[in-house]
Structures are given as C-alpha cells and as structure tokens.
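Observations on the three-dimensional arrangement
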Amino acid sequence: MTQPSTLEKLAILADAAKYDASCASSGTTRRDSKGSKTGKGIGSTEGMGICHAYAPDGRCISLLKVLLTNHCIFDCHYCINRKSSNVRRARFSPQEVADLTMAFYRRNYIEGLFLSSGIIKSSSHTMEQLIESARILREEYEFRGYIHLKTIPEADPELVRRAGLFADRVSINVELPTVAGLTRLAPDKSAPRIAGAMDLMAGAIVEGRDARRRFRHAPRYAPAGQSTQMIVGADAASDAEIMTKSSGLYGAFGMRRVYYSAFSPIPDASAVLPLKRPPLMREHRLYQSDWLMRFYGYSLDDVHAAADPGGMLPLDIDPKLAFALKFRDRFPVDVNRAPRELLLRVPGLGVRAVNGIVSARRMRRLDLADLARLTQSLTKVRPFIIAADWRPVILADRADLRAIVAPRASEQLELFA
Amino acid sequence: MTALAPRVCVPVAAHDDFDGWRDSARRLIQAGIAPDRVIWSLPGAVAGDLFAGDPPPDLAGDAPPAAAPPVLASRDYLELAGRAALHADPARFDLLYRLLWRLQTAPRLMDDRADRDVRAIDALARTVRRDIHKMRAFVRFRVVEDAHGETYVAWFEPGHHILRANGGFFVRRFAGMRWSILTPQGALHWDGETLREGPPADRGDAPAGDPAEALWRTYYASIFNPARLKIGAMVKEMPRRYWKNLPEADLIPELIASAQAREAAMIALGGEQAGRPPETLAALDAAVAACRRCAIGCNGTRAVPGHGPVDARLMVVGEQPGDHEELAGRPFVGPAGQVLRDHARTAGLDLDAARLTNAVRHFKHVPQGKQRLHQTPTAREIDTCRWWLDAERHLVRPRVVLALGASAARALLGRTISLQQERGRFVPLDDGAQLLITSHPAYLLRLGEAARVAEAARFAADLALVAGA
C-alpha cells in the first residue's frame, strides 16, 4: 500500500479526533510573541479563547484537534480507533504535527494544538511522542499559542508530569461515569489508574503554582489546568450518577472543566453498543446542571433533587426550572430585597441579569418595566418574583404552572434542527 | 413654547476618533451646551445639513475657561464609551454625549443597568466587542512571496470601525511575521518592527488563494460530526455575512446536505441490536434461530442453541458449533466435545448438570469438496453474538463460567485476551459469577503427540479447578 499523503492523513486523524468534545483555548496565562529571542516567535494567548470557525454541528473550532496516530492496542467499545475496528489507519510524526500547527496558526485558522493519540507500542512510548510534538513547537518554533495535550494514564508518571511543562492544558479522560461501565466498555483501562494519573497531575499543577509564587523564574506548569471527558449514553449510568461523579472530579482533582459527550454513532461500531441518535438534549441538561453547580451555587443535592426518582433530569425543561417547580414554597423572590444567592435560583435570571438587578436596585425600587430591560424574557421570570408593582399568585395554588413556564415544544426542537 | 436655542455643529475627525471626541465633549459640557443643541458631524457626512448650526463657541480655544467645573466621567462610562464610539451607528456620539451630560448631575448613573441610555450604550459596546472578537477569529491570511520573503495578507470586512483598535492584537500575536490586513476602511501593515496604516483597499488587492487552504478545508470537513447537526448554533456564532471571506465556508451546504444520510447509514449498520432481550430460554432459542445480524447468521446453517438445565451452576462456553453440532443441533457432540467429556469425567465435573453453549451460534465454515472446514469468527462477529450469550447468562445465572478458548473469553470479557497469560485463574464477571479461561479442546486435537500431553495436563488442571469451585 502506498503511503497516504498529508492530506489523507489529516482527514483520517482529524476524523478520529472529533469525538473529544473539548476545544477550549481559554483560561491560560497572557503571552505574546513580541520580543522573542530570535524575533521569529509566533503566537499569543489573552485569557479569552477564540473560536476561529464553527462546524455545522455547532461546535467551535479553536484548535487543530488531531491524533498523532489512530493505531491503538486498546479495544474500547465506544471508540472508533479500537483495535478491532475496521477503519483506515494513519500516523503523523511529531515534526509533521508541529509543521501543520504552524502552517494553520500563521494563517490565523487556529489558536493552537489539541493533540491526542491512539496507543502504539506502549503507553510511555506514545506519551513521549506527544510531548515531542509540543517540545518542537515550543523550543524550535518559539510557539506562544495554546497547547492541549491528552495524557495517557498508563504512561510513566515522569512523562505525565513532563507534559505540563509544554502544555497549557492537560487532560485525562475518565471516559465512563461508573467503574462497571468502564470494565464493560473499556476493558483495557483501569479506573484506579485513571484516578491515580489525575491525582498526580493535580499535585504537579499545585506544586507548579506554588513554585511560581516563590521563584519568579520557575517554569509555568499547565497554566490552564486539567480537564476530563465523560461519555453519556453508552452505559446505563443515570444523570444523578454522572453529576455525582463529576462533582467528585471537580472536588478531588481541581478540574477546570468536565466535558460531557453524548455517545454518537461511529463507523464500524462495536456490536456491544446499540447505535442510536446521540442524546444531545440529555448532554445539554448535564451541562446546565454542571453550570448550576459551578456558577449558581447549587449543591449536588440540589441537582439530585431536580432529577426524577430514577435519577434522570427532565428533558423538556431545564434543571433550574425543574428545581423551582419542585420547591415552590421558596418562591416568589423579591427582586428588591432578596440576596444574590436567591436571585440566582430564579428560573430565567442569569448571572448577568442578577448583577444588573443588584446594581440597579441600589438606585431605586425596580418594577416590571425595569426587569423587562434587564432580563431576556419577562414571561418566564414573572411567576417567581415580586417587584415594586407585581406580586404573583401563590405558586403552590397553580396546577398549570409548568405549562405556563415550560418552553413550547417547537423551541425545543430547534436544538435538533 | 420657548424659542429654540441655537444648535452647534461639532466635527469628529475620524470614525473611531474617541479621544478627539472626548476633548470636544468636555469643552461643550463646560460651555453648558445641552445634548439637544449638539450635532456631531462625522467624516463623509453631507455638508449643509438641514439642522446644521453654528460652529461651536469655544472649541478651537486652547484652554477651557479657568472657572469651569471639572467634567465628571466614571471609569465604567469611559470603558463602555470607548468601545461604543467604534459602532457604525451614526447616532452613537449623541448617545455618548447625552450620557456624559446626565453623569454631571447623577454621578452613579452607570450603576442603573435598567436605565434606557445605560442599556443602549451597553448594547453598542457589546456589539463592538463582538465585532472585534469576530475579526480576531475570522481574518484568514494568505501567503505571498516577494523580495523580502513571505508576507501574510488578509482581506477582511469589519462590521464596525474596529480596524485600528484591533491592530495591537495582531501585532502581539504575529510579531515574528510580515503581514497586512486590508479592509474597505483602511489597511494595517506590519513589517516585523513597526505598524503602518494604509488607505482603504479592495478585495482584489489581496491574494486569491493559498496552498494550505486545501489542508484547512479537509480539516474542517473531517472534524465535523454528522450525527450532531446543529445549524442554528453554527450560524449564531459564525453569521453568514462572514462566510464570503472564509475559505472553508463553501463546504457547509454539502456537509449539511449529506449529514443525515451519513448518520442514518451508521445507525443502520449497528441498529439491529436494539430491542429487549428474550425472557425465556425457549424464546431465546427461537430468536437465535432467526438471527441474521452477521454474515454467519446468513450462511444458511442451523443455529445451535445452548443445552442443559435452566438453573445450572456451571456454564461452559465454547467457540461455535462445528460440523457435527450443526447437524445434531446440540453443542459439544463432535470430536472436541468428546475430548471435553473425557477430561470432565476424570476431573469429576458433571457436564449433564452444566449449561453448554457457544460464543457464536451459527457454524462459520468454508466448503472444501464434501467437507465443511471450520473458520474462526472475527472479533466483530463475536461481539455481535455476545448479545445472545449475555441474554442466556441473564436467564441461567450460572455461578461459575468456563470459557474454552480465546473466542469464548472475548464473548465474556469484551476484549481479546492472551490465553496463556490469563488462563487457569478465576476472575469475577460483572454479575458476580466467577470466570475461568482455558484452552479449547479442539486445540488438543491439533497438537503433536508431545505437545498434546503437556497441554492436556494443563487442561485437566484447569478443569479440576472448576470442579473444586
């Protein structure tokens, strides 16, 4: 067989990488390429990531997201690159990846590189190759843009640690929310080992930050922290189990982000997994719950309370509204008096709107007209608030409340359109 | 009604000249000129406006009147105004001046986010901020070679007056490159050391293509997942007005059009798996007989169901039925079955009390003359058939499972094992049963004499372990 061209290899290895949801390029330190040693340095990061394009799946394209190779000695059923899958295989050298990254970056197509790999020869060998690509970019091209390296939990701990010296972000995928799911669907992976590698990384990140505090010239270590990804819908885990796992990951390993990836049909899928349309709405609800826990002060118990007895979040309404409908006695909330924490629990009020209310009510008492200017939709908010000229019917009395505040079916369909 | 006070017409030097505007505004406030008397005249506006008024009284003067009070502007205001000033809305400076005027008597006005003017300036500033961000995202450079080496040139059409405001970003990012950004409002040129401004340009001034674009378009098409089509989300963040200058955008219609067919094809390939497992062994056997989920199921042979008590404590899993088994419709009745029975008897293992079954339920073979030669099933075929084995295990619930050979082990563990490394010890299965893996008795039949004796001893030892469990 002839060697595939760069174009063919890119097609294969980008296609193989698209099931990783993360494409973030934010949250790292500010850097730029002015005054680099040779004057040839390229690249900058300014805190906020940039999405340079969007694919028709609505996902941001911020980084060149590829695998070094899609050959793999593992046989994880959900993965397109598993050993028993009959897909075309290809392999980049670290130099080719670095050159491709520079070619794209100079034309302003991307913010940087997100490099992952199937496992070849051994986990440590694969990890060395990943690190080498990043090293070429940083040291030989003086590349100052963003690098995200996927870390292989089975690799030598010293290599896992080294990855953070070149990368802005490192990630290890937890893959499935339960150990049973992992054993069944990713038989070559081990849950304790994944947790061990995350712990190692968390320790190295804290150490790196500490060293920077004491020595100004200490090298930066993975300044954008670590993240992970869970596949949703490939095993039987409920939303409650997923959120429990996720909250544990944020707590134990200081994760910057946990990504939820709806299991999506893949070519030449394993027969163990029934293929169906990816549960996109479920994925969306999980992200919303994640947000509630990180930015709206909800506890894990609150999110559990929003779920049904089987631990599943409702699909037709968002988890915040589900929570409010369940605990109607906590509403209405007076927008002119209530503390910030309670305002954040009102369905339809986002962080921006709450900030606006808290700031504006210092000037005068707010009425509905003010709220109309501060919020997206007054109809959604009105049943849950008290304003200067407004007091709703007691919520517990209204049997039809859900029908009033729940979005119409057509609005929901939009997400699938 | 009182008579109208005379209006003043104040020029703004350039569309994005916020500093110049701020100087003028300060003098106007000090001169006490109310917002409804000021007309801001932007470059390119038609002279002799219907409402055009007198030149402003004191604007050309060098210093404001000594007695004039200081003009107040909060930090919030300056930050928002600096951005809002770059908006294409011709009335933006009226809004900025009106707010500045009101700030003189209500210094905390900017905190009132529900105020109409505050909302309006906030909306303008956010639009500009987004436009600045989108320019950073959607500028696409193309390389030109000239006497100085490589220069990267881009053609871009901003929605607002943001070109100059964005210069710093591109300098910080591409300091080590020579580049030019051409727009209908003007141009920026960086030579590695200084940033120069140029006159408005045309699309034709920029190069028409770049060799890397084929790679980029391939990447764009490959990273798209057809099973997750969300066109609305894409258009919201990448509005159509930018598409004409994006080399990847003309792929979008075809990607969308083919997405549903690609997704349906993937689902159809694996889709037969859906459905509930049978609830009795009889139903299971009937369903297996009709199974056509893989090529073996379609080869015209008869399915061979499992055999033995429903409440068996031990389940023995082989690879697949052979020639004899297919004819008899029962597992383990051929030569390999005989080897298994002989060893089981020696080990004290009662196979009549055990459930005997196979990883794959149809006979995979190639005809050769009058014979049908056994062929090993592929990993995918085993995985497909695993659904039946799982259903059978669920109904029988054996406490101990004996897997004969690597195919059986794959059907139980879901991975390809190394037989020599994993044989001969118990491992727990997900339902709590104990699994022991050993070689397949047919393997003994294929070995030479010396090797057979050694292997038979190991086989016997493994069976003895199961008998003792």
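Reading the values: the criteria
- Residues numbered from 1 in each chain as written.
- Chains lettered and ligands numbered in written order.
- Predicted model: local features only at pLDDT ≥ 70, side-chain atom pairs only at ≥ 80, totals over all residues.
- Heavy atoms only, no water.
- Pairing = 2+ DSSP bridges.
- Helix = DSSP H or I, 4+ residues; strand = E, 2+ residues; numbered from the N terminus.
- Axes fitted to C-alpha atoms, helices over the stretch in contact; angles between N-to-C directions.
- Domains from an automatic or database assignment.
- Contact = heavy atoms within 4.5 Å.
- Buried area = accessible area lost by both parts, 1.4 Å probe.
- Salt bridge = Lys/Arg side-chain N within 4 Å of Asp/Glu carboxyl O.
- Polar contact = N/O pair within 3.5 Å; in protein donor to acceptor, adjacent residues only side chain to side chain.
- Nonpolar A, V, L, I, M, F, W, Y, C, P; charged D, E, K, R; others polar.
- Disulfide = S-S within 2.5 Å.
- Buried < 20%, exposed > 50% of the residue type's maximum accessible area, 1.4 Å probe, protein only.
- Phe/Tyr/Trp six-rings, centres within 6.5 Å; stacked < 30°, edge-to-face > 60°.
- Lys NZ or Arg CZ within 6 Å of the ring centre and 35° of its normal.

Some details on the sheet that holds strand β13 (residues 426–428) of chain B
All names here are of chain B. Across the sheet, 5 strands lie side by side as β9-β8-β12-β14-β13; this open sheet has mixed pairing. For this open sheet the edge positions go to β9 (355–358) and β13, each flanked by a neighbour on one side alone. For this sheet the average axis-to-axis angle between neighbouring strands, irrespective of direction, equals 25 degrees. As paired elements, strand β8 (residues 314–318) and β9 share 4 bridges and run parallel to each other. By the bridge assignment, valine 316 is partnered in β9 with leucine 356.

Remarks on the domain arrangement of chain B
Each assigned domain of chain B is listed here: domain 1 (8–133), domain 2 (139–205), domain 3 (213–272) and domain 4 (281–468). Each of domain 1 of chain B and domain 4 of chain B was reduced to a C-alpha centroid, and the two centroids are 85 Å apart.

What to know about the interface of chain A and chain B
Reports of interface size often rely on the accessible area that becomes lost once the parts have come together. Counting residues at the interface gives 82 residues for chain A, matched by 77 residues for chain B. Both faces combined, the contact of chain A with chain B buries some 6900 Å², and carbon together with sulfur accounts for 56% of it. In this structure, the connection of chain A to chain B is made through 9 salt bridges. Notably, a salt bridge pairs A:Arg184 with B:Asp390, separated by 3.4 Å at the nearest N-O pair. Where chain A meets chain B, there are 34 residue pairs in polar contact (both at pLDDT 80 or more). Mapped onto the side of chain A that touches chain B, the elements with two or more residues apiece are α1 (6–15), β1 (53–54), β3 (63–67), α2 (94–106), α8 (280–295), α12 (351–360) and α13 (368–374) of chain A. Tallying contributions element by element places α1(A) first for the side of chain A that touches chain B, with 6 residues. Of the residues contributing to the side of chain A that touches chain B, the split by class is 40 nonpolar, 17 polar and 25 charged.

Structural notes on the sheet that holds β3(A)
Residue and element names in this part refer to chain A. Read from one edge to the other, the open sheet built from 6 strands follows the order β3-β4-β5-β6-β7-β8, with strand pairing classed as parallel. The open sheet is flanked by β3 and β8 (257–262), the only strands paired with a single partner. Neighbour to neighbour, the strand axes of the sheet diverge by 20 degrees on average, direction disregarded. Across 6 bridges, strand β7 (residues 226–232) lies against β8 in parallel orientation. Its bridge partner being in β8, methionine 230 is matched across the sheet by tyrosine 260.

Remarks on the state of the cysteines
Throughout the structure, instances matching the rule amount to 1 disulfide over all chains. A:Cys79 takes part in no disulfide bond, and the closest cysteine sulfur, belonging to A:Cys76, lies 6.2 Å away. With no disulfide partner, B:Cys294 has as its closest neighbouring cysteine sulfur the one in B:Cys385, 6.3 Å distant.

Quick look at helix α6 (residues 213–223) of chain B
Each turn of an α-helix holds 3.6 residues, which means side chains three or four residues apart point in the same direction. Judged by how many residues are buried, α6(B) sits mostly within the fold: 8 of 11 residues are covered. Considered for burial, the residues of α6(B) that qualify are B:Glu213, B:Leu215, B:Trp216, B:Thr218, B:Tyr219, B:Tyr220, B:Ser222 and B:Ile223.

Focus on the pairing of strand β10 (residues 365–368) of chain B
Two faces, one strand: in a regular strand the side chains alternate between the faces of the sheet. In the sheet, β10(B) pairs with strand β11 (residues 371–374) of chain B via 4 bridges, with the strands oriented antiparallel. From the neighbouring strand, B:Pro367 faces β11(B), where its bridge partner is B:Arg372.

A few points about the environment of B:Ala411
Residue and element names in this part refer to chain B. On the secondary structure map, alanine 411 appears in helix α13 (residues 405–413). Taking relative accessible area as the criterion, alanine 411 reaches 0% and is therefore assigned buried. Expressed as a C-alpha distance, the spacing of alanine 411 and aspartate 390, which sit 21 residues apart in the sequence, is 8.7 Å. Not counting chain neighbours up to four residues away, the residues in contact with alanine 411 comprise Ala359, Ile382, Arg386 and Leu389.

What to know about unusual backbone geometry
Residue and element names in this part refer to chain A. Here phenylalanine 331 and proline 332 are connected by a cis peptide whose omega angle stands at 0 degrees. Its place among the elements puts proline 332 in the loop between α10 (319–326) and β9 (333–334). The residue asparagine 108 is not glycine, and still its phi comes out positive at about 65 degrees. Relative to the elements of secondary structure, asparagine 108 occurs in the loop between α2 and β4 (112–116). Phi is positive for lysine 121, close to 55 degrees, though the residue is something other than glycine. Note that lysine 121 resides in the loop between β4 and α3 (123–140).

Examining the packing of aromatic side chains
Applying the stated criterion across every chain yields a total of 27 aromatic pairs over all chains. Geometrically, the ring pair formed by A:Phe104 and A:Tyr109 is edge-to-face, given 5.4 Å between the ring centres and 65 degrees between the ring planes. Ring centres of A:Phe104 and B:Trp216 lie 5.4 Å apart, and the angle between their planes is 85 degrees; this geometry places the pair in the edge-to-face category. Of this pair, A:Phe104 sits in helix α2 while B:Trp216 sits in helix α6, each in a different chain. You can call A:Phe104 buried: its relative accessible area is 0%. Overall, the relative accessible area of 0% leaves B:Trp216 in the buried class. A network of ring pairs unites the aromatic residues A:Tyr105, A:Phe143, B:Phe141, B:Phe169, B:Phe170, B:Phe174 and B:Trp179 as a single cluster. The ring of A:Trp390 has A:Arg382 lying over it, and the distance from NZ or CZ to the ring centre is 5.6 Å.

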